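# Breakdown of the fold
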Amino acid sequence: MKKIQLLILGYSSFVKRRVLPAIKKIQKIEYFICSKSNQINLKEKILFNNYNQALTKTKPDIVYISLINSLHFKYAKKALEKGLNVIVDKPITTSLQETKILLKLAQKKKLLISEAMLYNHHNVFNKITKLCNGVNNILHIQSNFNIPLIKNSNEITKIKGDCEMDMGPYAASIIRLFSDKTIKELKVFKEYFKTNKKAIKSFFILAKLKNCTYFGNFGFDKAYISNMTFFTKNKIISSPNRIFALPPNKDVSIFVKEKKVVKKINIKKDDCILNYFKKILYAIKYNRNKNFYKNILNDAIIREKINLN
């Protein structure tokens, strides 16, 4: 059986902790890594230290780009021009214009391009959607995602990795996944770092959509919080904690409040990253790229509205 060759550009902590354990479970994938900060290591499959060299000297089926945000567009474009399918960590690019350039190139060459929004591929979201009787019955969504600050504001600006850039994709994907995407009214409140007025430390989003409302709270400056709550006419459905980064090896629980009765529902362990890569392989095999194009563009348009608001 011919294996899918996956080139990983960037040996980030996320790749080490979550991506590699997932793709090692897929026998169809054979991966190799290009890392600037690690020495060549055949055991760890680090075969290159230069990104351009890795793209020039190899012909993988897929390139997965896990670099700092400011390098996403540059290397995604290079990979597409070389005729390679591409996955990019969120945000896929730092502007709507750059995203449209990549989409146009991918469509022209009939290649897959995907932004690695991963959290929603966990089975817990299938259960939540069923409990809501479909997304059209959701009246209000609330999300909270805050993480401790681990980089200084000047470094964040340099890599284009402030809160809006890094967490805006979550806000955009929530609107795409759980509403009809029609934004009737949008308000965004942003807080900047005191030491750097160019970098956003936190933001709040309030969106009035055709079928529901959405409130999102995102920040870099607080204790770790990661949850979502869905309101329907008769139910309140609370997600597990860590909903945006659920561990693959633990069962989780959601809570449903209906008529003053709270019910706990257990969900068996699931790996959203494993599920995501399986969908990628299916799309490449059967040339099912259109949904990926549509999702990328929808999210990029919403992120642009958040940015300009």
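Structural notes, computed from the coordinates. Being a predicted model, the structure only gives us computed values, none of them experimental. (Residues numbered from 1 in each chain as written. Predicted model: local features only at pLDDT ≥ 70, side-chain atom pairs only at ≥ 80, totals over all residues. Heavy atoms only, no water.)

### Thoughts on the pairing of strand β5 (residues 85–89)
Burial of β5 is extensive: 5 of the 5 residues sit out of reach of the surface. Neither face of β5 is left uncovered, since the one carrying Asn85, Ile87 and Asp89 and the one carrying Val86 and Val88 both have all their residues buried. Pairing of strand β4 (residues 62–65) with β5, which is carried by 4 bridges, proceeds in the parallel orientation. From the neighbouring strand, isoleucine 62 faces β5, where its bridge partner is asparagine 85. As for the winding sense of the linkage, the β-α-β connection from β4 through helix α3 (residues 72–81) to β5 is right-handed. Crossover β5 to strand β6 (residues 113–116) through helix α4 (residues 96–109) is right-handed. (Buried < 20%, exposed > 50% of the residue type's maximum accessible area, 1.4 Å probe, protein only. Helix = DSSP H or I, 4+ residues; strand = E, 2+ residues; numbered from the N terminus. Pairing = 2+ DSSP bridges. Right-handed = clockwise from strand over helix to strand, strands pointing away.)

### Focus: the pattern of salt bridges
Counted by the stated rule, this structure contains 7 salt bridges. Here arginine 176 ties to aspartate 299 by a salt bridge, and the two come within 2.6 Å at their closest N and O atoms. Taken together, the residues span a long stretch of sequence, with arginine 176 in helix α7 (residues 163–178) and aspartate 299 in helix α9 (residues 290–308) at a distance of 123 residues. Given a relative accessible area of 12%, arginine 176 falls into the buried group. (Salt bridge = Lys/Arg side-chain N within 4 Å of Asp/Glu carboxyl O.)

### Regarding the nonpolar core
Grouped together as the largest cluster of nonpolar side chains are 46 residues, with contacts concentrated most on Ile141, Phe203, Ile205, Tyr214, Phe218, Met228 and Phe230. At 8 residues, α7 tops the list of elements feeding residues into this core. Ignoring anything within four residues of it in the chain, the contact list for isoleucine 141 reads Ile174, Phe178, Cys212, Thr213, Tyr214, Phe215, Met228, Thr229 and Phe230. (Core = buried A, V, L, I, M, F, W, Y, C linked by side-chain atoms within 4.5 Å. Contact = heavy atoms within 4.5 Å.)

### Details of the layout of surface pockets
Which parts of space are left empty comes out when a probe the size of a water molecule is rolled across the atoms. Approximately 1,400 Å³ is the volume attributed to the largest pocket. What lines the largest pocket is a set of 43 residues, and nearest its centre among them are Ser13, Phe14, Arg17, Lys90 and Asp166. Every element with two or more residues in the lining of the largest pocket is listed here: α1 (13–23), α6 (153–158), α7 and α8 (272–286). At 4 residues, the largest contribution of residues to the lining of the largest pocket is made by α1. Of the residues contributing to the lining of the largest pocket, the split by class is 25 nonpolar, 9 polar and 9 charged. The space that makes up the second largest pocket amounts to roughly 500 Å³. Together, 21 residues line the second largest pocket, and His121, Arg176, Asn291, Phe292 and Asn295 are the ones closest to its centre. Taken together, the elements giving at least two residues each to the lining of the second largest pocket come down to β6, α7, α8 and α9. (1 Å grid on protein atoms, 1.4 Å probe; cavity = no way out; pocket = protein on both sides within 12 Å on 5 of 7 lines; lining within 4 Å. Points joined across faces, edges and corners; volume = space filled by probe spheres on them. Nonpolar A, V, L, I, M, F, W, Y, C, P; charged D, E, K, R; others polar.)

### What about α3?
Buried within α3 we find His72, Phe73, Tyr75, Ala76, Ala79 and Leu80. Contact partners of the buried residues in α3: β1 (4–9), α2 (51–57), β4, β5, α4 and β6. Taken from the residues just after α3, glycine 83 is the one with a positive phi, measuring 85 degrees.

### As for the environment of lysine 181
Counting through the fold element by element, lysine 181 comes out in the loop between α7 and β8 (183–193). Here lysine 181 falls in the partly exposed class, since its relative accessible area comes to 36%. Among residues more than four places away in sequence, those in contact with lysine 181 are Ile175, Arg176 and Asn298.

### Brief notes about the sheet that holds strand β10 (residues 213–219)
The strand order across the open sheet formed by 8 strands is β8-β9-β10-β7-β11-β12-β13-β14, and the pairing between neighbours is mixed. Among the strands making up the open sheet, the edge pair consists of β8 and β14 (261–267). Within the sheet, the average angular offset between the axes of one strand and its neighbour, ignoring direction, is 15 degrees. Where β8 and strand β9 (residues 196–209) come together, 10 bridges link them in antiparallel fashion. Residue glutamate 191 lies in a different strand from β9, and its bridge partner there is serine 202. Contacts between helix α5 (residues 124–131) and the sheet are confined to β11 (225–231), β12 (235–238), β13 (252–258) and β14, with β13 contributing the most and set at about 10 degrees to the helix. Each of β7 (140–146), β8, β9, β10 and β11 touches α7; the most contacted strand, β9, lies at about 10 degrees to it. (Axes fitted to C-alpha atoms, helices over the stretch in contact; angles between N-to-C directions.)

### A look at the environment of isoleucine 62
Mapped onto the elements, isoleucine 62 comes out in strand β4. With near-sequence residues (within four places) excluded, isoleucine 62 lies in contact with Ile4, Gln5, Leu6, Leu7, Asn85, Ile87, Ile280, Leu281 and Ile284.

### Quick notes on unusual backbone geometry
Put simply, lysine 90 and proline 91 share a cis peptide bond, and its omega is -5 degrees. Relative to the assigned elements, proline 91 resides in the loop between β5 and α4. The backbone of lysine 45 sits at a positive phi, close to 65 degrees, despite the residue not being glycine. Along the chain, the position of lysine 45 falls in the loop between β2 (29–34) and β3 (46–48). Positive phi outside glycine occurs at lysine 110, with the angle close to 55 degrees. Note that lysine 110 resides in the loop between α4 and β6.

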